[in-house]
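Below, each chain spelled out in residue letters.
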Amino acid sequence: MKKEKKLNLWELYLTTEIGIEFKACLYFFAILFFYCVFRIINGSFEAEILHMTEMIFTCYIIGYIQVYLLWNFDESDKLGLKEISGMIICTFLYCLVAHLGRWFNREIIPVILLGVYIMVTYLCVYLIYKTKRNIDDRKLNEELKLFQTEHKKSE
């Protein structure tokens, strides 16, 4: 019995870590895309390795903050004040690191645009997770009905 409980805790931990890994990769790609567009618009086809390193570490740190401190808002069932404030806090942190790290040469307009872009990204990810949950719920309900029908036939 005790071993089964540890396995469940391990599975919960592993599921959470995989979720954070996924978020870090997703948000890193989104921010890197924005950064690369900024660089191209400004005539450079090169990205700073230090900036990319700061981006990925920031995505991981904010992923942990988001999951363990800010209610995992992008995976929530509803988008209320608590979830929106979590989005704003994380967006502010991304913008702060972008400004301090000079990702956009300390220009304020690109940092503000990054903030808007991240908020839109959070909203899109929220909608994607919500849609996936709805599809999974519908699929599970269909499987349950099929199981119940088959179980009645076998009686």
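Cut-offs applied
- Residues numbered from 1 in each chain as written.
- Predicted model: local features only at pLDDT ≥ 70, side-chain atom pairs only at ≥ 80, totals over all residues.
- Heavy atoms only, no water.
- Helix = DSSP H or I, 4+ residues; strand = E, 2+ residues; numbered from the N terminus.
- Rg over C-alpha atoms; globule rule 2.2 N^0.38 Å.
- Buried < 20%, exposed > 50% of the residue type's maximum accessible area, 1.4 Å probe, protein only.
- Contact = heavy atoms within 4.5 Å.
- Areas by Shrake-Rupley, 256 points an atom, 1.4 Å probe, with all protein chains shown as cover.
- Lys, Arg positive; Asp, Glu negative; His and termini not counted.
- Charge placed at Lys NZ, Arg CZ, Asp CG, Glu CD.
- Core = buried A, V, L, I, M, F, W, Y, C linked by side-chain atoms within 4.5 Å.
- Axes fitted to C-alpha atoms, helices over the stretch in contact; angles between N-to-C directions.
- Left-handed = near helix turned anticlockwise from the far one by under 90°.
- Nonpolar A, V, L, I, M, F, W, Y, C, P; charged D, E, K, R; others polar.

(A) Looking closely at the overall build of the chain. Counting secondary structure elements, the chain contains 4 helices and 0 strands. Ordered by position from N to C terminus, the α and β elements of the chain give α-α-α-α. Its C-alpha atoms give the chain a radius of gyration of 20 Å, more than 25% over the compact-globule value 15 Å for 155 residues. With respect to the three principal axes, the spread of C-alpha positions in the chain is 70 × 35 × 35 Å. Expressed as a percentage of its 155 residues, the buried residues of the chain come to 32%. If you take every contact in the chain between residues at least 6 apart in sequence, the share linking residues at least 24 apart comes to 72%. About 10800 Å² of surface is accessible on the chain, with carbon and sulfur atoms providing 69% of the total. Charge separation in the chain, taken as the distance between the mean sites of 18 positive and 18 negative side-chain charges, equals 5 Å.

(B) Up close: the environment of leucine 100. Looking at the secondary structure, you find leucine 100 in helix α3 (residues 81-100). Residue classification places leucine 100 among the exposed residues on the basis of a relative accessible area of 54%.

(C) Spotlight on the nonpolar core. If you look at the biggest cluster of nonpolar residues, it comprises 27 residues, and the most contacted ones within it are Ile31, Tyr94, Phe104 and Tyr122. Mapped by element, the contributors of at least two residues to this core are α1 (2-41), α2 (49-68), α3 and α4 (108-154). Looking at this core, the element that brings in the most residues is α1, giving 8 residues. Those residues in contact with tyrosine 94 that sit more than four places away from it in its chain are Tyr27, Ile31, Thr58, Cys59, Ile62, Trp103, Leu114, Ile118 and Tyr122.

(D) Molecular detail of the packing of α3 against α4. At a closest axis distance of 9 Å, the pairing of α3 and α4 adopts a crossing angle of 145 degrees. Two packed elements cross with a definite hand, and for α3 against α4 that hand is right-handed. Taken together, the residues of α4 that come into contact with α3 (itself represented by Met87, Ile88, Cys90, Thr91, Tyr94, Cys95, Ala98 and His99) are Val111, Leu114, Gly115, Ile118, Met119, Tyr122, Leu123 and Tyr126. Each residue belonging to the contact of α3 with α4 can be placed in one class, and the counts come to 13 nonpolar, 3 polar and no charged.

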